[in-house]
Amino acid sequence: MRSDTVEAMEESAVRKEVRTWLADAWDADIGLVAWRERLVEAGWGVPSWPRAWFGRGLPVWTDRVVAEELRAVGAVGMPLGAGMTLAAPTLLQHGSDELRARLLRPSLTGALRWCQLFSEPGAGSDLAGLTTTAVSDGDEWVVNGQKVWNTSAHHADMAILVARTDWAVPKHAGISYFVLPMHQQGVEVRPIVQMNRHASFNEVFLTDARIPAANLVGDLGDGWRVARTTLHHERSFATMRRPRFDGNDSTGRTVREAIVEAEEHFATYVWYPQRAGRADLVVELARTRGLANHPVVRQEIARLLSFVRASEWTAARGQAARALGRTPGPEGSLGKLAASEVARRSASVHALVAGAQGMLRDGPLATDAIVAEVLVSTVAQSIAGGTDEIQRNIVGDNILGLPREPSADRETPFGDTMRARVVSAPEFASLDELDDWRFLLGGIHAEFRAGSFPAAAALVVAIADAAEAADHHPELAVRYPDRVRVGITTHVIGGLSDVDVTLARTVSSLARAAGATSEPATPQSLEIAIDTDDADRIRPFWLAVCNGHDVDGAVADPLRHLPTIWFQHTDELRTQRNRIHLDVTVPHDEAERRVAAALAAGGRLVTDHFARAFWVLADADGNEVCVCTWQDRTP
Ligand SMILES: Cc1cc2nc3c(=O)[nH]c(=O)nc-3n(C[C@H](O)[C@H](O)[C@H](O)COP(=O)(O)OP(=O)(O)OC[C@H]3O[C@@H](n4cnc5c(N)ncnc54)[C@H](O)[C@@H]3O)c2cc1C
């Protein structure tokens, strides 16, 4: 017997069985979660899942068949959103038994809502370059970092999160995958308003967010493999269909709650049809505008709709392969590219048909708002879930067997190769939760009073452990009686980066936990400047006498006992003052107080022409000092 005949027989048997079960079990009044509990308990919620985990161990195509049967009688199906499509299948494949027992059922019933915390400001396409850090702390993980573009994070109870747990290994190997409870103090969700005026995604700031140790998914450091499972589900995620409950006339509680759930869900995704291009509207709109006979418009519409039809057939081949439990061939990978192409072509046809009116949100036609939204939404189609370029790389690597894209950082420890994102002093000053820190000379500094010398030493040990785990090391010093000084910078970029910011937050939280008090006005730095018309002539002398290193032309003590000496070029050497002056760099919010104090103590203001970058002062003998800050400097 041919296999498709066997399958047809099996399909009708499955339909019959689920229909019989539904006739008894479907209850429009029981309530949404209770109904889904029943569905899940019977294994009909996810029939292709294993019996041990709420399924029936049936072929993948039975999911579609059961969904059709549910729709036919107006019964409510499984929840929409990242829980069902991303989190649950990933937990099923990689989660511990304890995690699966705890989280799968409420995800399948819709009692738990999920979001995906993967992308970061510096890690989207290159997701493995992420820098959000999770540090082990007893039976918890402490997470610091920033995520972005996180759809529905503002509704979510739980997040699937990837974070770096090891900086000393190559980038893909140092990532772990977690389930993060969203309702906690360390998680701040800020909506992002898009250019189409919707706000469906967010930036999420993680500051000492806590994750129970048991919420690690897969092995420590194996997060990339787990994340690939999620990304696979995301890329093959079919268009979302709005559930219909018109197969019955029930206004029972189950249906009412399902309608509310769907409304809430689609409030976030209301612009997604427009994002996909609304090719379905072009013919009608061309007619409405009297352009249906225009030869160019007709030609463009025909071109668009032929492409739509061809890509639907390609998608159908992919779906058929999946339904048969086979891995789709090239058609699986081309679907996402085709969707981007449809969106782009549709937008261009809509623009052709609507003309300038396409820019009006409140034009004379009811559809004007839709067209305007299409024009500003379709760009997202080729970015979400992986960009077109990345999808083409995947096609090149996996389908065409082309050589992999060269990558310099695949084998090297991530901490060594990380392309840290530079953070400027003004940007740093605008960041939250960093009150302990001040920017001085390319790095950030904090000073804490721990209460006693042993407490200060203990804080240093705690910071050292966190730094070692993050593979990013600050300057640390203990000063009698109880001070801890911390300086952080990214040496590879010779300045401040987002990695420093993450470490600074970790240090602050350790200091807080140790009961230390912060004194942000106290950090300062001394440099010595020598006026010269020829630095090369005198530099060797200063290098020798200080046993220093030449760093960008300045004399630096590698062991940092001595201040840096730098050479200030001058064409005409002044005779009425010393050729050496001191630069005292202070916190920006301390500078004016310091200048005032120096003047009150008998000093003289030589010039404030360069303030707030620096004030030049002199003592009563004419010895000069500059009080410097990071402010008002041209980069
Ligand atoms: C509607 C929408 C919803 C989203 N929802 C979520 C969510 O819920 N959770 C989440 O974590 N993220 C989400 N994202 C983020 C999405 O995954 C990223 O935007 C996407 O992966 C691209 O990353 P990026 O924005 O950092 O761009 P970049 O990676 O910075 O890319 C910029 C440009 O460079 C190109 N490029 C980058 N690398 C290469 C390369 N190697 N070869 C050729 N070209 C390259 C890209 O194709 C792109 O054109 C969402 C995005 C959108 C638009």
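Residues numbered from 1 in each chain as written. Predicted model: local features only at pLDDT ≥ 70, side-chain atom pairs only at ≥ 80, totals over all residues. Heavy atoms only, no water.

Scanning the protein chain for helices and strands turns up 19 helices and 21 strands. Referenced to the eigenvectors of the C-alpha coordinate spread, the extents of the protein chain come out at roughly 100 × 65 × 50 Å. Burial analysis of the protein chain (635 residues in total) assigns 46% to the buried set. Counted over contacts in the protein chain with a minimum sequence separation of 6, partners at least 24 positions apart contribute 69%. Counting only carbon and sulfur atoms, one obtains 54% of the accessible surface of the protein chain, whose full area is about 31500 Å². (Helix = DSSP H or I, 4+ residues; strand = E, 2+ residues; numbered from the N terminus. Buried < 20%, exposed > 50% of the residue type's maximum accessible area, 1.4 Å probe, protein only. Contact = heavy atoms within 4.5 Å. Areas by Shrake-Rupley, 256 points an atom, 1.4 Å probe, with all protein chains shown as cover.)

Moving on, we get to the environment of W313. Position of W313 among the secondary structure elements: in helix α10 (residues 295-323). The spatial distance from the C-alpha of W313 to the C-alpha of T607 is 76 Å, given a sequence separation of 294 residues.

Turning to the environment of V226, a few remarks are in order. With respect to the helices and strands, the residue V226 is situated in helix α6 (residues 223-235). Given the relative accessible area of 0%, V226 is considered buried. Sequence separation of V226 and H94 is 132 residues, and the distance between their C-alpha atoms is 6.7 Å. Each residue touching V226, except ones within four places of it in the same chain, is listed here: T90, H94, Y177, V217 and G218.

This part is about the site of the ligand. Not every one of the 20 residues close to the ligand is listed here, only the nearest: S119, S125, W149, T387 and E389. A distance of 3.0 Å separates an oxygen atom of the ligand from a polar atom in the backbone of F118. In the model, an oxygen atom of the ligand is placed 2.7 Å from a nitrogen or oxygen of the S119 main chain. In isolation the ligand exposes 980 Å². Once the protein is present, 69% of that is buried. The set of elements that each furnish at least two residues to the shell around the ligand consists of α8 (272-275) and α13 (388-399). (Near = heavy atom within 4 Å. Polar contact = N/O pair within 3.5 Å; in protein donor to acceptor, adjacent residues only side chain to side chain.)

Time to look at the pattern of salt bridges. Applying the stated criterion to the full structure yields 39 salt bridges. Residues E11 and R64 are paired through a salt bridge, measuring 3.9 Å at the closest nitrogen-oxygen approach. Taken together, the positions of E11 in helix α1 (residues 3-25) and R64 in helix α3 (residues 61-72) put the pair 53 residues apart, joining distant regions of the chain. Using a relative accessible area of 18% as the deciding quantity, one classes E11 as buried. The salt bridge partner of E17 is R56, with a shortest N-O separation of 3.1 Å. One end of the pair, E17, is in helix α1; the other, R56, is in the loop between α2 (32-41) and α3, and 39 residues separate them in sequence. (Salt bridge = Lys/Arg side-chain N within 4 Å of Asp/Glu carboxyl O.)

On to the packing of aromatic side chains, then. Aromatic ring pairs are described here by two measures, namely the spacing of the ring centres and the angle between the planes. The final tally for this structure, using the stated rule, is 13 aromatic pairs. Taking 6.4 Å as the distance between ring centres and 75° as the angle between the ring planes, the aromatic pair formed by W437 and F448 counts as edge-to-face. Of this pair, W437 sits in the loop between α15 (425-430) and β9 (438-440) while F448 sits in strand β10 (residues 443-449), and the two are 11 residues apart along the sequence. Across the pair, F448 and W437 agree in class, each one buried. Put simply, the rings of W21, W26 and W35 touch in pairs and so form one group of aromatic residues. Directly above the ring of W167 sits R164, whose terminal nitrogen or CZ lies 5.6 Å from the centroid. (Phe/Tyr/Trp six-rings, centres within 6.5 Å; stacked < 30°, edge-to-face > 60°. Lys NZ or Arg CZ within 6 Å of the ring centre and 35° of its normal.)

It is the contact of helix α4 (residues 82-94) with helix α5 (residues 97-109), at a shortest axis distance of 10 Å, that shows an interaxial angle of 155°. As summarised for this structure, α4 and α5 are arranged roughly antiparallel, according to the angle between their axes. Between α4 and α5 lies a crossing of left-handed hand. Seen from α4, the contacting residues are M84, A88, L91 and L92; seen from α5, they are L99, R100, L103, L104 and L108. (Axes fitted to C-alpha atoms, helices over the stretch in contact; angles between N-to-C directions. Parallel < 35°, antiparallel > 145°, perpendicular 65-115°, else oblique. Left-handed = near helix turned anticlockwise from the far one by under 90°.)

Here we take up unusual backbone geometry. With the exception of glycine, the majority of residues adopt a negative phi angle, and the majority of peptide bonds are in the trans configuration. Put simply, Y480 and P481 share a cis peptide bond, and its omega is 5°. Position of P481 among the secondary structure elements: in the loop between β11 (475-479) and β12 (483-488). Despite not being glycine, W149 has its phi angle at roughly 65°, a positive value. If you trace the backbone, W149 turns up in the loop between β3 (140-148) and β4 (158-164).

Turning our eyes to something else, we now look at helix α17 (residues 498-513). Look at α17: 23 Å from first C-alpha to last across 16 residues, which is about the 22 Å you get at 1.5 Å a residue. Extensive coverage of α17 is indicated by the burial of 13 of its 16 residues. Just downstream of α17, G515 is the residue with a positive phi angle, here 75°. (Expected span 1.5 Å × (residues − 1).)

Another aspect to go through is the packing of helix α16 (residues 453-470) against α17. Between α16 and α17, the least distance of the axes is 10 Å, while the angle of their chain directions is 145°. Crossing hand, α16 versus α17: right-handed. Residues L459, A462, I463, A466 and A467 of α16 touch α17, and the partners they reach there are L503, T506, V507, L510 and A511. For the contact of α16 with α17, the residue count by class is 9 nonpolar, 1 polar and no charged. (Nonpolar A, V, L, I, M, F, W, Y, C, P; charged D, E, K, R; others polar.)

Considered domain by domain, the protein chain is made up of domain 1 (1-80 + 240-270), domain 2 (107-229), domain 3 (271-398), domain 4 (419-518) and domain 5 (525-628). Just the C-alpha atoms count here: the centres of domain 3 and domain 4 sit 50 Å apart. (Domains from an automatic or database assignment.)

Let us look at α16. Taking 1.5 Å per residue as the helical rise, α16 with its 18 residues ought to reach 26 Å, and the 26 Å between its terminal C-alpha atoms agrees with that figure. Three or more residues of α16 are buried, namely A456, L459, V460, I463, A466, A467 and A470. Angular distribution of buried residues about the axis of α16 spans 130°; they occupy a single face of the element. Turned more than 90 degrees off the buried face of α16, the exposed positions are P454, D465 and E468. At the N-terminal end of α16, a side-chain oxygen is found 3.1 Å from the backbone nitrogen of A455, two or three residues along, and the residue is S452. Positioned one or two residues after α16, D471 has a phi angle of 50°, which is positive. (Arc of directions from axis to C-beta.)

Another point: the pairing of strand β5 (residues 175-181). The element β5 is extensively covered by neighbouring structure, given that 6 of its 7 residues are classed as buried. The pairing of β4 with β5 spans 7 bridges and is classified as antiparallel. Directly across from A163, in β5, lies its bridge partner S176. Here 2 bridges tie β5 to strand β8 (residues 216-217), and the two strands are oriented antiparallel to one another. Paired with F178 across the bridge in β8 is L216. (Pairing = 2+ DSSP bridges.)

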